[in-house]
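Single-letter residue listing:
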Amino acid sequence: MEFTLLIVIIVLALIFDYINGFHDAANAIATVVATKVLTPFQAVVWAAFFNFLAYWVFGFGVADTVAKTANTMDINLVVILAGVIAAIIWNLFTWWQGIPSSSSHTLIGGFAGAAIAHAGFGVVSWYKAGKDGGMPSGVLIIVAFIILAPLLGALISYLMSIWLLNASKKSIYPKIFTASLMILTVWFVESQMIYYDQIEKPRFDSPFWSVAFESHNIKWFLVAFIILSISTFCLIFSSLNLNQATAWLKKMQLLSSAAFSLGHGGNDSQKVMGIIAAAVAVYIHTSGVAQESLPAWLDVVLPNDEGAFKMPAWIPLACYSAIAAGTLSGGWKIVKTMGSKITKVTSFEGVAAETAGALTLYFTEHFKVPVSTTHTITGSIIGVGLTKRVSAVRWGMTVSLLWAWVLTIPISAILAAIIYYIFSIFI
């Protein structure tokens, strides 16, 4: 019975990941479609490819955080099953209504709600201080980023828009700023890199290729590539006429949407990995099966103070494949909301919003914070709109989105609790 429940949870978790893909597809492609850089079909293929490519870029930091939402020693598989089903129901409902709610918070809300119904509020990891002054974790931190992620996205996109606007002027000062930013970026990324003697398990015999393809380093190489590419454009922006500038911005939108799709895949797929890892840990605890006697495909070790997160390769591969397949299925109702109902989007706004969203996702993933890609890109689009004028943002639509964001975790939690109580009668 326990093993059957585990298999059902894994299948449903991957179904949720697939739904997440088409539910959140609009986040990465809405501005590209709105500005007619790509057709809708081309855009979803583009986004799906980079969703899957994230498999080789990101580690398991976010998965680690999600897996520890509730203490796995105090829950059972019915808790996780109820949480995943509640998350699927809310995701499908909001997709049907065209509401860009957070798939991430739906999943975490469902997991926490079912856990509370089973063992009370104490079972949930509400807040845990970070190690050595690092970023704290817990549900309260995730809730805080409902506000902080879109604010951070809005701030970065606003500043990026101001930077681009000034770079279009024939003045030496924006060029001095841009050159300084390029130097600062190279210095910062170099300081974040892991070199060969620090890599625990090098992928190659060659130190160069091992450093180049270390997942931690790839993420920072991407950050440098994004900022340096936009910086290069800013250096020549003032010498371009309107048609040339528009053509360049449309090409840059391909880069910015690809960067955001990478962030979407890396952030959201890890949440499902965390749920599957937690389910395996609960199965080991409740079934009494020894870790050593488990088949290799279930060799999962949750992170603790002594060891690192460990999972077989099929879990991340399946999760990234599912979200990429979901993105290929599209999500046109939400594309319309994100691409036109918040503010009018041109290639200029698209580059600023997507780049800001991607950078926000990369930095939050670095600190192992599961944030909403939906919230992040929405905040970024609002930030771009504010550079024109406050009235350029359709605040009525924005307030409706805020209500959906605030209500997602409690509604998912209540729904999961109800489903848990029903299942407890029969299982």
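Just so it is clear, the structure is predicted and the values come from calculations on it, not from any experiment.

> Teacher, can you tell me more about the nonpolar core here?
Note that soluble globular proteins tend to have their nonpolar side chains buried in a common cluster. The biggest cluster of nonpolar side chains holds 100 residues, and the ones touching the most others in it are Leu6, Ile75, Leu77, Ile80, Phe111, Ile230 and Tyr362. Those residues in contact with Tyr362, other than ones at most four positions away along the chain, are Phe58, Lys219, Leu222, Val223, Ile226, Ala259, Leu262 and Gly263. Val33, Val37, Leu38 and Val44 belong to the second-largest nonpolar core, a separate cluster that totals 8 residues.

> Which parts of the structure should I look at to understand the side chain of Ser161?
Within the element layout of this structure, Ser161 appears in helix H6 (residues 139–167). If we ignore the near neighbours within four places in the chain, the residues touching Ser161 are Phe348, Ala352, Val384 and Thr387.

> Before we go on, may I ask you to explain unusual backbone geometry in this structure?
What is expected of a backbone is that most residues other than glycine have negative phi and most peptide bonds are trans. Even without being glycine, Lys368 reaches a positive phi, approximately 65°. Checked against the element boundaries, Lys368 lands in the loop between helix H13 (347–366) and helix H14 (373–388).

> It is not clear to me how the UniProt feature "transmembrane region" (unreviewed entry) in the chain should be interpreted in this structure. Could you clarify?
In the numbering used here, UniProt assigns the "transmembrane region" (unreviewed entry) feature to residues 44–63, 75–96, 108–127, 139–164, 176–196, 217–240, 313–335 and 401–423. The distance from the first to the last C-alpha atom of residues 44–63 is 25 Å, and the span holds 65% helix and 0% strand. For residues 217–240, the helix share is 88%, the strand share is 0%, and the end-to-end C-alpha distance is 34 Å.

> How should I be thinking about the pattern of salt bridges in this particular structure?
In this structure the tally under the stated criterion is 2 salt bridges. Between Lys219 and Glu365 there is a salt bridge, with the nearest N and O atoms lying 2.9 Å from each other. Of this pair, Lys219 sits in helix H9 (residues 215–237) while Glu365 sits in helix H13, and the two are 146 residues apart along the sequence. Classification of Lys219 as buried rests on a relative accessible area of 7%. Residue Glu365 is classed as buried on the basis of its relative accessible area, which comes to 5%. For the salt bridge of Asp268 with Lys271, the shortest nitrogen-to-oxygen distance reads 2.9 Å. With a gap of 3 residues between them, Asp268 and Lys271 both fall in helix H10 (residues 242–287), about one helical turn apart. Accessibility classification places Asp268 together with Lys271 in one group, the buried group.

So, how was this worked out
Residues numbered from 1 in each chain as written. Predicted model: local features only at pLDDT ≥ 70, side-chain atom pairs only at ≥ 80, totals over all residues. Heavy atoms only, no water. Core = buried A, V, L, I, M, F, W, Y, C linked by side-chain atoms within 4.5 Å. Buried < 20%, exposed > 50% of the residue type's maximum accessible area, 1.4 Å probe, protein only. Contact = heavy atoms within 4.5 Å. Helix = DSSP H or I, 4+ residues; strand = E, 2+ residues; numbered from the N terminus. UniProt positions renumbered as here; feature names shortened; annotations may be inferred. Salt bridge = Lys/Arg side-chain N within 4 Å of Asp/Glu carboxyl O.

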